[in-house]
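Descriptive analysis of the structure
What follows is each chain in one-letter form.
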Amino acid sequence: MDKILDIDNIDLKIISLLNEDAKTPYTEIAKKVFVSSGTVHVRMKKLEDMGIVKSATLNIDFSKLGYDISAFLGIYLEKSSLYDNVIEKLKSITEVVSAYYTTGNYSIFAKIICRDTNHLRLVLDKIQKVDGIDRTETLIVLEESINRPIQFFDKEK
């Protein structure tokens, strides 16, 4: 499948605006992009059908909900062939919020969110017991300095 899909600058502007705030009404998007709200709706349906837009998400401050620890976990597998089994087990651990199959030192790089260091220890124990995981390295986040959506530019540039 081609990496470059049939989208234009209007599509990219719509995506950029919604990427900044997914709750923005289509009427407001339409005014900023100089099209009708119906056009925005049709374009969004097209982007969803193409698989470009998968869902709309919330940006949550987990610390205000009592989750004060974010950490990244480098996971070493016993064998790379165990990746699928390990990922399935990690999916069942709710504190694992994202996981990536990577090159480099780790086979899997995951982000976990916990209430405190005791909760983190319990989650790490649960993860380290997963069959196929050889060992892990934990990196606790001290501060999230950048968290932003990608900025799309005109395709002609």
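The coordinates are above.
Note that the coordinates shown come from a computational prediction; the quantities given were computed from them, not determined experimentally. (Residues numbered from 1 in each chain as written. Predicted model: local features only at pLDDT ≥ 70, side-chain atom pairs only at ≥ 80, totals over all residues. Heavy atoms only, no water.)

The next subject is the pattern of salt bridges. When the charged atoms of two side chains with opposite charge come close together, those side chains can pair. The tally for this structure, following the rule as stated, stands at ten salt bridges. Ionic pairing is found between lysine 46 and aspartate 11, a salt bridge with its closest N-O pair at 2.7 Å. Here aspartate 11 lies in helix α1 (residues 9-20) and lysine 46 lies in helix α3 (residues 37-49), a separation of 35 residues in the sequence. Under the relative-accessibility criterion, lysine 46 is labelled partly exposed at 27%. (Salt bridge = Lys/Arg side-chain N within 4 Å of Asp/Glu carboxyl O. Helix = DSSP H or I, 4+ residues; strand = E, 2+ residues; numbered from the N terminus. Buried < 20%, exposed > 50% of the residue type's maximum accessible area, 1.4 Å probe, protein only.)

Let us now look at the pairing of strand β3 (residues 108-114). Among the seven residues of β3, six are classified as buried, and the element is accordingly described as predominantly covered. Summarising the sheet, strand β2 (residues 96-101) and β3 pair through five bridges and their orientation is antiparallel. The residue of β3 that forms the bridge with tyrosine 100 is phenylalanine 109. Between β2 and β3, which pair antiparallel one after the other, the connecting turn spans six residues, and glycine 104 there sits at a positive phi close to 95 degrees. (Pairing = 2+ DSSP bridges.)

Applying the stated rule across the entire model yields four aromatic pairs. Both rings, one in phenylalanine 72 and one in phenylalanine 109, keep their centres 5.6 Å apart while their planes meet at 5 degrees; by these two values the pair is stacked. In this pair, phenylalanine 72 is assigned in strand β1 (residues 69-77) and phenylalanine 109 in strand β3, connecting sequence segments 37 residues apart. Note on phenylalanine 72: relative accessible area 29%, which makes it partly exposed. Plain terms: the ring middles of tyrosine 76 and tyrosine 106 are 5.3 Å apart, the flat faces sit at 70 degrees to each other, and that makes the pair edge-to-face. Taken as a pair, tyrosine 76 in strand β1 and tyrosine 106 in the loop between β2 and β3 lie far apart in primary sequence, 30 residues in all. Across this residue pair, the class does not change: tyrosine 76 and tyrosine 106 are buried. The structure contains a cluster of three or more aromatic residues connected by ring pairs, namely Phe72, Tyr76, Tyr106 and Phe109. (Phe/Tyr/Trp six-rings, centres within 6.5 Å; stacked < 30°, edge-to-face > 60°.)

Our focus in this paragraph is the nonpolar core. By size, the foremost hydrophobic cluster in this structure holds 22 residues, and its most contacted members are Ile75, Val86, Leu90, Ile108, Ile112 and Ile127. Sorting elements by how many residues they give to this core places β1 first, with five residues. Formed by eleven residues, the second largest nonpolar core is a distinct cluster that contains Ile7, Leu12, Val33 and Val40. (Core = buried A, V, L, I, M, F, W, Y, C linked by side-chain atoms within 4.5 Å.)

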